[in-house]
Amino acid sequence: MKKKITMHKRPSWDQYFLEMAELVSKRSTCLRRNVGAVLVREKRILATGYNGAPSGLEHCFEVGCMREKLKVPSGQRHELCRALHAEQNALIQSSLHGISVKGATLYSTTQPCVICAKMLINAGIKEIVMTDGYPDKLAMEFLKAAKIKLRKL
């Protein structure tokens, strides 16, 4: 007698990598927003990153958030934040390990800010797939001007 094979629904590649970005975001040490990023090329993960303090420094949940104390709105005064953004950490990790990200796709739980957008443009990222928006219109203008494909799922 033949055994019946039951098919389960496999996630699309976009769903797969966005779920990985969500998992990566759980390592975040930010008090305001947990963000995860995954850099992918040809369906292979190149690097991941989450938002948190630089290596060896105290985390925001240990020392508090300067932007929170000063009541800085989301999307403003990034220089006051002790954390690196998830996109920055993913780019830095790829660089530390000698991995080119030119032509890669960024999967992120949040739209990049303008600082990250400029970095992603210069790193040669070709596409950004994100789940949530972010209050930074200038970032979107830069990414569109650089002809980076943007998709929000």
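Residues numbered from 1 in each chain as written. Predicted model: local features only at pLDDT ≥ 70, side-chain atom pairs only at ≥ 80, totals over all residues. Heavy atoms only, no water.

J.: How should I be thinking about the overall build of the chain in this particular structure?
T.: When you go through the chain residue by residue, the secondary structure sums to six helices and five strands. Each helix (α) and strand (β) of the chain, taken in turn from the N terminus, gives the series α-β-β-α-α-α-β-α-β-α-β. For the chain, the spread of C-alpha atoms along the three principal axes comes to 70 × 35 × 30 Å. Out of the 153 residues in the chain, the part that is buried amounts to 41%. In the chain, once contacts between residues fewer than 6 apart in sequence are set aside, the share between residues at least 24 apart is 53%. (Helix = DSSP H or I, 4+ residues; strand = E, 2+ residues; numbered from the N terminus. Buried < 20%, exposed > 50% of the residue type's maximum accessible area, 1.4 Å probe, protein only. Contact = heavy atoms within 4.5 Å.)

J.: When you look at the environment of Met20 in this model, what are you seeing that I'm missing?
T.: By the secondary structure assignment, Met20 is in helix 1 (residues 13-25). Among the residues examined, Met20 registers a relative accessible area of 25% and is labelled partly exposed. In this structure, the C-alpha to C-alpha distance between Met20 and Leu39, residues 19 residues apart in sequence, is 10 Å. Ignoring sequence-local partners within four residues, the contact set of Met20 consists of Val38 and Ile45.

J.: Hey, could you run me through the side chain of Asn51 in this one?
T.: Relative to the helices and strands, Asn51 is located in the loop between strand 2 (44-50) and helix 2 (60-63). Looking at Asn51, the relative accessible area reads 6%, which means it is buried. Within the structure, Asn51 has its side chain in polar contact with the backbone nitrogen of Val35 (distance 2.9 Å). (Polar contact = N/O pair within 3.5 Å; in protein donor to acceptor, adjacent residues only side chain to side chain.)

J.: Teacher, can you tell me more about the packing of helix 5 (residues 114-123) against helix 6 (residues 137-145) here?
T.: Geometry of a packed helix pair, given as the angle between the helix axes and the separation of the axes. As a packed pair, helix 5 and helix 6 sit with axes 8 Å apart at the nearest point and diverge in direction by 15°. Classified by the angle their axes make, helix 5 and helix 6 are roughly parallel. Here the hand of the crossing between helix 5 and helix 6 comes out right-handed. Where helix 5 abuts helix 6, its residues Val114, Ala117, Lys118 and Ile121 lie against Leu138, Ala139, Phe142 and Leu143. (Axes fitted to C-alpha atoms, helices over the stretch in contact; angles between N-to-C directions. Parallel < 35°, antiparallel > 145°, perpendicular 65-115°, else oblique. Left-handed = near helix turned anticlockwise from the far one by under 90°.)

J.: Mind showing me how you'd approach the pairing of strand 5 (residues 149-152) here?
T.: Each regular strand shows side chains that alternate between the opposite faces of the sheet. Pairing of strand 4 (residues 127-130) with strand 5, which is carried by four bridges, proceeds in the parallel orientation. Residue Ile128 lies in a different strand from strand 5, and its bridge partner there is Leu150. Considered for its hand, the β-α-β crossover made up of strand 4, helix 6 and strand 5 is right-handed. (Pairing = 2+ DSSP bridges. Right-handed = clockwise from strand over helix to strand, strands pointing away.)

J.: Looking at this model, I keep getting lost on helix 4 (residues 86-96). Mind explaining?
T.: One full turn of an α-helix is made of 3.6 residues, so residues set three or four places apart face in the same direction. Of all the positions in helix 4, only Ala86, Glu87, Gln88, Asn89, Ala90, Leu91 and Ser94 are classed as buried. Where helix 4 is buried, its residues meet strand 1 (36-41), strand 2, strand 3 (105-108) and helix 5. With its phi angle positive at about 70°, Gly98 sits one or two positions after the end of helix 4.

J.: When you look at the packing of aromatic side chains in this model, what are you seeing that I'm missing?
T.: Working definition: an aromatic ring pair is given by the centre-to-centre distance plus the angle between the planes. Here the structure, examined in full by the defined rule, presents four aromatic pairs. For the pair Phe17 and Tyr107, a centre-to-centre distance of 5.2 Å together with 40° between the ring planes defines the contact as tilted. Taken together, the positions of Phe17 in helix 1 and Tyr107 in strand 3 put the pair 90 residues apart, joining distant regions of the chain. For the pair Phe17 and Tyr107, a shared accessibility class is recorded, and that class is buried. Within the aromatic cluster, the residues linked to one another by ring pairs are Trp13, Tyr16, Phe17 and Tyr107. (Phe/Tyr/Trp six-rings, centres within 6.5 Å; stacked < 30°, edge-to-face > 60°.)

J.: Can you walk me through the packing of helix 4 against helix 5 in this structure?
T.: One can describe the packing of helix 4 onto helix 5 by two numbers: an axis separation of 9 Å at closest approach and a directional angle of 30°. With respect to each other, helix 4 and helix 5 are oriented roughly parallel. Here the hand of the crossing between helix 4 and helix 5 comes out left-handed. Between helix 4, through Glu87, Gln88 and Leu91, and helix 5, the contact on the second element is made entirely by Ile115, Cys116, Met119, Leu120 and Ala123. Of the residues contributing to the contact of helix 4 with helix 5, the split by class is six nonpolar, one polar and one charged. (Nonpolar A, V, L, I, M, F, W, Y, C, P; charged D, E, K, R; others polar.)

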